[in-house]
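# An overview of the molecular structure
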Amino acid sequence: MIPKAGGLWKASHFIWKTTFIRPQFQPYVRMSSSLIRDKAYINGQWTSAKSGATYNVTNPATGEVVGTVPDMDVRDTVAAIETAYKRFQTFKKTTAKERSEKLKVAYRLILGNIDELARILTLENGKPLAESKGEIMYGASFCEWFAEECRRVQGTIVPSPFPTKKIFTLKQPIGVCGMITPWNFPNAMITRKACAAIAAGCTVVLKPAEDTPLSALALCELFDRAGIPAGVMNVVTCNRGNAPAIGKVLCESPLVSHISFTGSSAVGKILLRQSAETVKKCSMELGGNAPFIVFDSADIEVAVRSAMACKFRCAGQTCVCANRFLVQEGIHDKFVEKLTASIKQDVKIGNGMESGVTQGPLINKRAVDKVDSFVEDARKQGANVHVGGQRSSLGDTFYEPTLLSGVTSDMLVSKEEIFGPVVGIAKFKTEEEAIILANGTSAGLAGYVFTSDASQQWRVAEALEYGIVGLNEGLFSCCEGTFGGFKESGLGREGGIGYGIEEYIEVKYLCMGMK
Ligand code: ADP
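Parameters at a glance
- Residues numbered from 1 in each chain as written.
- Predicted model: local features only at pLDDT ≥ 70, side-chain atom pairs only at ≥ 80, totals over all residues.
- Heavy atoms only, no water.
- Salt bridge = Lys/Arg side-chain N within 4 Å of Asp/Glu carboxyl O.
- Helix = DSSP H or I, 4+ residues; strand = E, 2+ residues; numbered from the N terminus.
- Buried < 20%, exposed > 50% of the residue type's maximum accessible area, 1.4 Å probe, protein only.
- Domains from an automatic or database assignment.
- Contact = heavy atoms within 4.5 Å.
- Buried area = accessible area lost by both parts, 1.4 Å probe.
- Nonpolar A, V, L, I, M, F, W, Y, C, P; charged D, E, K, R; others polar.
- Phe/Tyr/Trp six-rings, centres within 6.5 Å; stacked < 30°, edge-to-face > 60°.
- Lys NZ or Arg CZ within 6 Å of the ring centre and 35° of its normal.
- Axes fitted to C-alpha atoms, helices over the stretch in contact; angles between N-to-C directions.
- Parallel < 35°, antiparallel > 145°, perpendicular 65-115°, else oblique.
- Pairing = 2+ DSSP bridges.
- Near = heavy atom within 4 Å.
- Polar contact = N/O pair within 3.5 Å; in protein donor to acceptor, adjacent residues only side chain to side chain.
- Areas by Shrake-Rupley, 256 points an atom, 1.4 Å probe, with all protein chains shown as cover.
- Core = buried A, V, L, I, M, F, W, Y, C linked by side-chain atoms within 4.5 Å.

## Some remarks on the pattern of salt bridges
Tallying each qualifying case throughout the model produces 22 salt bridges. As a salt-bridge pair, Arg 391 and Asp 372 come within 3.4 Å of each other at their nearest N and O atoms. With Arg 391 in the loop between β14 (384-387) and β15 (402-405) and Asp 372 in helix α12 (residues 365-380), this pair connects stretches of sequence that are 19 residues apart. On the basis of relative accessible area, Arg 391 is assigned to the partly exposed category, the value being 38%. Given the relative accessible area of 17%, Asp 372 is considered buried. One network of salt bridges, in which partners are shared, links Lys 365, Asp 369, Asp 372 and Arg 391.

Below, the structure written as structure tokens:
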């Protein structure tokens, strides 16, 4: 059944209001899902690696193997690029209306298969099933949005300064787009890029994260069913070992015109450097270090609810999760007390397939080791642990939801992106101090401000060096909003009116001489 439009908005509160679905734990049965694929998707064909190599995809909650996919390398990627380049020569000539119609069919197919897509997503990523459903709806919204956006991409007729010349701008698809996506949103990070590119008339070679290729391949199956022509969407799967070489060939190939990446700043910088040789247009959604500022006048219930939603989503593993809580001295103790109580009461850790679970595992043991070392560092430097502060007894990939107070700028939990279920709270006195602390990082993706003072809302929102500001709001993501960062958090914007699709468009200036 396709949810009504309003369903999307309910989905934005999917973490704490999970009653609208009734997940049932079903042990994984290999290949039970008709959307699980064990081959990559190139030129509309389910394709093995030329080397024949494969690797297993595992469930981070249980360690069970949930699928096997090709471990492709440079040769497969070159083949995919050549296919995409060839297809681009005809696809660029299709009308926006044709592309729009296909994307709308894909949108309906995604929503029509939401249960299966969500199940696959939870199996490979670990996030609770209700969150996975929310992500599928969010991901599908980009399919619909860009189907609408492409109908309105238009050039201009410019008043000419010469009586003998007419001047125009044309907007044309940029070409083959190389895409590399992360594991924390295995569905939506793909649709947010690929649907924009396809809507614009481009073709795509996408390398999904090694941990979560099954969601990418399931989308290919639905794009195929939607009638999106062979060679428009190509997905090359590989394990971590082959990722750098595949990334390099995507960046360096003269047949690829655009690189779009979501992931860590470190990898983003590598891709930017590699793209310099062919002067590629790049869209980068990189790491964040989001401040979450709570002023004395804030509505504390709203601030606590928002903190829960934006911190514990995907077990704290999103680039817009609050990373540094900055709380004014007058409200500090109460905020610590209420947030601690909410964590104790509302977070249930476990296998994302189980009913009522709100926090799944982290993506792997390495992620848990990192989070634990950050908490240890904070503890050694004098932070107080109010709840959690340790690995969970549930297994290697689980970490207890944690709240630390007395955090300082020198601690790793402040300097680095935590990417885990850890709240680190620092106390501040003045607005000026809060802004200096908030902006004191090379990241600039998302920031949050909680205050009831209208003047302060504007002052602080304007002063923050962040691409996205949540003002008395902890969940802002939607296809209508522009997503992207200032400073080292990235280049370009995804979604939004005009911005998201323009990333995949070249502007051509046409000057016509008149007799
Ligand atoms: P994380 O450490 O959270 O996995 P990354 O930025 O390393 O974040 O990974 C995001 C995506 O980038 C994944 O698809 C991964 O395979 C890919 N990746 C990692 N290293 C490279 C690289 N050197 N070149 C190209 N892609 C890479």
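Back to the write-up after that little detour.
## Looking at the domain arrangement of the protein chain
The domains assigned to the protein chain are domain 1 (17-286 + 492-510) and domain 2 (290-471). Using C-alpha coordinates to define each centre, domain 1 is positioned 30 Å away from domain 2. Domain 1 puts 23 residues into the contact, and the matching count from domain 2 is 24 residues. Together, the buried faces of domain 1 and domain 2 total about 1900 Å²; carbon and sulfur atoms form 64% of this surface. A per-element tally of the side of domain 1 that touches domain 2 places helix α4 (residues 114-125) first, with five residues. Looking at the side of domain 1 that touches domain 2 residue by residue, the classes come out as 10 nonpolar, six polar and seven charged.

## A few points about the packing of aromatic side chains
Given two aromatic rings, their pairing is described by the distance between the two centres and the angle made by the two planes. A full pass over the atoms with the stated rule returns 10 aromatic pairs. Where Phe 295 meets Phe 428, the ring centres are 5.5 Å apart and the plane angle is 80°; that geometry is what we call edge-to-face. One end of the pair, Phe 295, is in the loop between β12 (290-294) and α10 (300-312); the other, Phe 428, is in strand β16 (residues 422-428), and 133 residues separate them in sequence. Its guanidinium or amino end placed over the ring of Phe 162, Lys 165 lies 4.3 Å from that ring's centre, counting from NZ or CZ.

## Here's the deal with the packing of α4 against helix α7 (residues 213-225)
For any two helices packed against each other, the geometry is given by the interaxial angle and the distance between the axes. At a closest axis distance of 8 Å, the pairing of α4 and α7 adopts a crossing angle of 160°. Here α4 is positioned roughly antiparallel relative to α7, judged by the angle of their axes. Judged by residue contacts, Leu 117, Ile 120, Leu 121 and Glu 124 of α4 engage Pro 213, Leu 214, Ser 215, Ala 218 and Leu 222 from α7. Classifying every residue of the contact of α4 with α7 by side-chain character gives seven nonpolar, one polar and one charged.

## Regarding the pairing of strand β3 (residues 54-58)
Sheet analysis places β3 next to strand β4 (residues 65-70), joined by five bridges and oriented antiparallel. The residue of β4 that forms the bridge with Thr 58 is Val 65. The hairpin formed by β3 and β4 contains six residues between the paired strands, and Gly 63 there has a positive phi angle of roughly 80°.

## Looking at the site of the ligand
Neighbouring residues of the ligand: 16 residues in total, closest Thr 181, Lys 207, Glu 210, Arg 240 and Ser 264. For the ligand, an oxygen atom lies 2.5 Å from a polar atom in the side chain of Glu 210. Summarising the interface, the protein chains cover 85% of the accessible area of the ligand, which totals 540 Å² for the free molecule. Mapped by element, the contributors of at least two residues to the shell around the ligand are α8 (243-252) and α9 (265-276). By residue number, the principal contributor to the shell around the ligand is α8, which donates three residues.

## A short note on unusual backbone geometry
The backbone phi angle of Cys 314 is positive, close to 50°, even though this residue is not glycine. Assignment of secondary structure puts Cys 314 in the loop between α10 and β13 (322-328). The exposure class of Cys 314 is buried, given its relative accessible area of 2%. Non-glycine residue Asn 472 carries a positive phi angle of around 55°. Structurally, Asn 472 can be placed in the loop between β18 (468-471) and β19 (490-491). Note on Asn 472: relative accessible area 28%, which makes it partly exposed.

## Regarding the nonpolar core
Counting 65 residues, the largest nonpolar core has Ile 110, Phe 223 and Met 233 as the members making the most contacts within it. Here Met 233 is in contact with Tyr 41, Ile 190, Ala 194, Ile 198, Val 204, Leu 206, Cys 220 and Phe 223, once residues within four sequence places are set aside. Formed by 33 residues, the second largest nonpolar core is a distinct cluster that contains Phe 325, Ile 343, Leu 403 and Ile 425.

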